[in-house]
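# Per-entry structural report
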Amino acid sequence: MTTLINPTLLKPQLQSPSTAPAYTIHLFRGGPISIAEYMEEVLTNPKAGFYINRDVFGAEGDFITSPEVSQMFGEMIGVWAMCLWEQMGQPNRVNLVELGPGRGTLMMDLLRGASKFKNFTESLHLHLVECSPTLQKLQHQNLKCVDEDHMADNVGKRTISTLAGTPVSWHSALEQVPSGLPTIIIAHEFYDALPVHQFQRVSHGWCEKMVDLEEDSSTFRFVLSPQPTPAILYLMKRCKWAATEEIAKLDQIEVCPKAMELTQTIAKRISSDGGGALIIDYGLNKVVSDSLQAIRKHKFVHILDNPGSADLSAYVDFASIRRSAEEVSGEVSVHGPMTQSQFLGSLGINFRVEALLQNCTEEQAESLRTGYWRLVGEGEAPFWEGPEEEVPIGMGTRYMAMSIVNKKQGTPVPFQ
Ligand code: SAH
């Protein structure tokens, strides 16, 4: 069962991992698994996956996301969605899809912020793509949903968000969202949770980095595949999209086939139904080398440590999203990426913060200013006076926004 080629080729990791939990052991019967299989299992295993049984967000959880930082984030995404809806010709029925809505905070702020624009909110049917039953319940609660019985007209139960009177449905994948209506898709910090494969350059080519059990089955370890694995096809495809010099510089490459496939599903849907998608995440506009990380309780931990108890995420390769969309359809155009700071700034977040500051308590003003800075700032907050380990780090340039739209809509704001 040992397929170890040369462990010294692997990047040194932080500390030795803890005991392998029983539930994953069955995966190793046929030998090592890819990092992608490991990541998928750790995050979304229906019994013990990181996202499945708990609320992982916020100060009390494991990490914080932009919608949890400030209400202004969801409100600005709402402004973007309304602008696109106008460019789509203000259709009176629209599917608004969110991939991985977390606590539902972005959607809650979007609906509340847009509630004055009745023509927009009344056109919406919300579709939330969420794998976690716990988070689905939280989304139901935060969107102030009520379940209505519609047995009389044979449509069964209907769920309505009372925030804007919009119907809401849950799905486990984008493919399950009914097609046929113009569609707006939002993916915030969804792509970074999709499983990545990691490859390592060796003397005879590229090997895939795998996860294996130690001889005594007590811990996990990294090994290299002795021969090329099927995922090498995705590596080859990704390398073809890059300049030879870009690849020559790298000894490790990360590839996310699920991100390529999801982008193609999005692009096909937008080609057939009209509309557009917005993807915001942290990442690079080029080949990603080695970015997979694990975070538990706001601290970096070893990727193999206590699987299921820490978030695993990887940089999003925006260049490959662009190529995947363009490859599958000539009817969509891809815009960006631009930094989150440019994106929110061009949509007018500074006017929004000024308006909110007009009418608030001193405490709220403090939180608005910190939130604004976290969303658009860069590096460590210069004004921070609290404990050093809690200094807010700006998300303004680490996060990027990209949009895929049906060409009929023209260029989406603020990508002109
Ligand atoms: N967008 C939210 C949450 C980001 S975390 C925010 O910004 O706060 C990732 C979200 O995607 C979680 O809701 C998680 O449960 C969901 N998720 C992760 N992988 C998924 C998958 N394969 N299918 C469906 N949902 C998934």
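Just so you know, these numbers come straight off a predicted model, no measurement behind them.

Reading the values: rules and limits
- Residues numbered from 1 in each chain as written.
- Predicted model: local features only at pLDDT ≥ 70, side-chain atom pairs only at ≥ 80, totals over all residues.
- Heavy atoms only, no water.
- Helix = DSSP H or I, 4+ residues; strand = E, 2+ residues; numbered from the N terminus.
- Rg over C-alpha atoms; globule rule 2.2 N^0.38 Å.
- Contact = heavy atoms within 4.5 Å.
- Areas by Shrake-Rupley, 256 points an atom, 1.4 Å probe, with all protein chains shown as cover.
- Lys, Arg positive; Asp, Glu negative; His and termini not counted.
- Charge placed at Lys NZ, Arg CZ, Asp CG, Glu CD.
- Near = heavy atom within 4 Å.
- Polar contact = N/O pair within 3.5 Å; in protein donor to acceptor, adjacent residues only side chain to side chain.
- Nonpolar A, V, L, I, M, F, W, Y, C, P; charged D, E, K, R; others polar.
- Salt bridge = Lys/Arg side-chain N within 4 Å of Asp/Glu carboxyl O.
- Buried < 20%, exposed > 50% of the residue type's maximum accessible area, 1.4 Å probe, protein only.
- Pairing = 2+ DSSP bridges.
- Axes fitted to C-alpha atoms, helices over the stretch in contact; angles between N-to-C directions.
- Domains from an automatic or database assignment.
- Buried area = accessible area lost by both parts, 1.4 Å probe.
- pLDDT = per-residue confidence, 0-100.
- Core = buried A, V, L, I, M, F, W, Y, C linked by side-chain atoms within 4.5 Å.

## A look at the overall build of the chain
- Within the chain, the regular secondary structure consists of 14 helices and 20 strands.
- Scaling as 2.2 N^0.38, a compact globule of 416 residues should have a C-alpha radius of gyration of about 22 Å, and the chain matches this with 22 Å.
- Oriented by its inertia axes, the alpha-carbon framework of the chain measures out at about 60 × 50 × 50 Å.
- The long-range share in the chain, meaning contacts at least 24 apart out of those at least 6 apart in sequence, stands at 73%.
- When the accessible surface of the chain is totalled, it reaches about 18700 Å², and 51% of it is carbon and sulfur.
- Mean positive and mean negative side-chain charge positions of the chain (35 and 49 charges, respectively) differ by 4 Å.

## Some remarks on the site of the ligand
- Around the ligand, a shell composed of 15 residues is seen, among which Thr65, Gly100, Gly102, Glu130 and His188 lie nearest.
- Separating a nitrogen atom of the ligand from a backbone N or O atom of cysteine 131 is a distance of 3.2 Å.
- The contact in question runs from an oxygen atom of the ligand to an N or O atom on the side chain of histidine 188, over 2.6 Å.
- Protein contact buries 92% of the 570 Å² of open area that the ligand shows by itself.
- A breakdown of the residues in the shell around the ligand according to their chemical character gives 7 nonpolar, 5 polar and 3 charged.

## Focus: the pattern of salt bridges
- On inspection of all chains with the given rule, the structure shows 16 salt bridges.
- Arginine 112 is paired through a salt bridge with glutamate 75; the nearest N and O atoms lie 3.5 Å apart. Taken as a pair, arginine 112 in helix H5 (residues 105-114) and glutamate 75 in helix H4 (residues 71-87) lie far apart in primary sequence, 37 residues in all.
- For glutamate 75, a relative accessible area of 5% translates into the label buried.
- The partner of arginine 221 in a salt bridge is aspartate 212, with the nearest N and O atoms 3.6 Å apart.
- Judged by its relative accessible area of 0%, aspartate 212 is buried.

## Some details on the sheet that holds strand E13 (residues 293-296)
- The sheet built from 3 strands is open, its strands ordered E14-E13-E15 with antiparallel pairing. Each edge of the open sheet carries a strand with a single partner, namely strand E14 (299-301) and strand E15 (311-313). Neighbour to neighbour, the strand axes of the sheet diverge by 40° on average, direction disregarded.
- The pairing of E13 with E15 spans 3 bridges and is classified as antiparallel. Counted as the bridge partner of isoleucine 295 is aspartate 311 from E15.

## A short note on the environment of serine 161
- Its place among the elements puts serine 161 in strand E5 (residues 156-161).
- When its relative accessible area of 0% is taken as the criterion, serine 161 is described as buried.
- Placed 22 residues apart in sequence, serine 161 and glutamine 139 show a C-alpha to C-alpha distance of 10.0 Å.
- For serine 161, the contacting residues outside a window of four places in its chain are Leu111, Leu143, Lys144, Cys145, Thr166 and Val168.
- In terms of polar contacts, serine 161 uses its side chain to reach the backbone carbonyl oxygen of leucine 143, at 2.8 Å.

## Remarks on the domain arrangement of the chain
- Once the domains are mapped, the chain shows domain 1 (32-39 + 196-254) and domain 2 (66-194 + 257-409).
- In this structure, domain 1 and domain 2 have C-alpha centres spaced 30 Å apart.
- In this complex, domain 1 contributes 21 residues to the contact, which on the side of domain 2 involves 28 residues.
- Taken over both partners, the interface formed by domain 1 and domain 2 buries close to 2100 Å², and the fraction arising from carbon and sulfur atoms is 64%.
- In this assembly, domain 1 and domain 2 are joined by 2 salt bridges.
- The shortest N-O distance in the salt bridge between aspartate 317 and arginine 238 comes to 2.5 Å.
- For the interface between domain 1 and domain 2, the tally reads 12 residue pairs in polar contact (both at pLDDT 80 or more).
- Of all the elements in the fold, those that place two or more residues in the side of domain 1 that touches domain 2 are helix H2 (35-44), strand E8 (197-202), strand E10 (220-224), helix H8 (232-240), helix H9 (244-248) and strand E11 (252-255).

## Quick look at the confidence of the model for the chain
- Per-residue pLDDT for the chain averages 90, and the proportion of residues at 70 or more is 92%.
- Every residue in residues 1-26 scores below 50 in pLDDT, and together they form 61 contacts with partners more than four places removed in sequence or on other chains.

## Here we look at the nonpolar core
- The biggest cluster of nonpolar side chains holds 54 residues, and the ones touching the most others in it are Tyr38, Tyr51, Leu99, Tyr191, Ile266 and Leu312.
- Taken domain by domain, the makeup of this core includes at least three residues from each of domain 1 (32-39 + 196-254) and domain 2 (66-194 + 257-409).
- Excluding anything up to four places from it in sequence, tyrosine 191 contacts Ala259, Leu262, Thr263, Ile266, Ile279, Asp281, Val316 and Ile321.
- In terms of nonpolar packing, the next biggest core, distinct from the first, is built from 43 residues, Met82, Met107, Phe120 and Leu124 among them.

## Considering the environment of lysine 47
- Turning to its location among the elements, lysine 47 is positioned in the loop between H2 and helix H3 (66-69).
- For lysine 47, a relative accessible area of 72% corresponds to the exposed category.
- Distance in space between the C-alpha atoms of lysine 47 and glycine 308 is 9.9 Å, their sequence separation being 261 residues.

## Here's the deal with the pairing of E5
- Pairing between E5 and strand E6 (residues 166-171): 3 bridges, direction antiparallel. Residue pairing for E6: serine 161 is matched across the bridge by threonine 166.
- Between the end of E5 and the start of E6, which pair antiparallel, lie 4 residues, with glycine 165 showing a positive phi angle near 70°.

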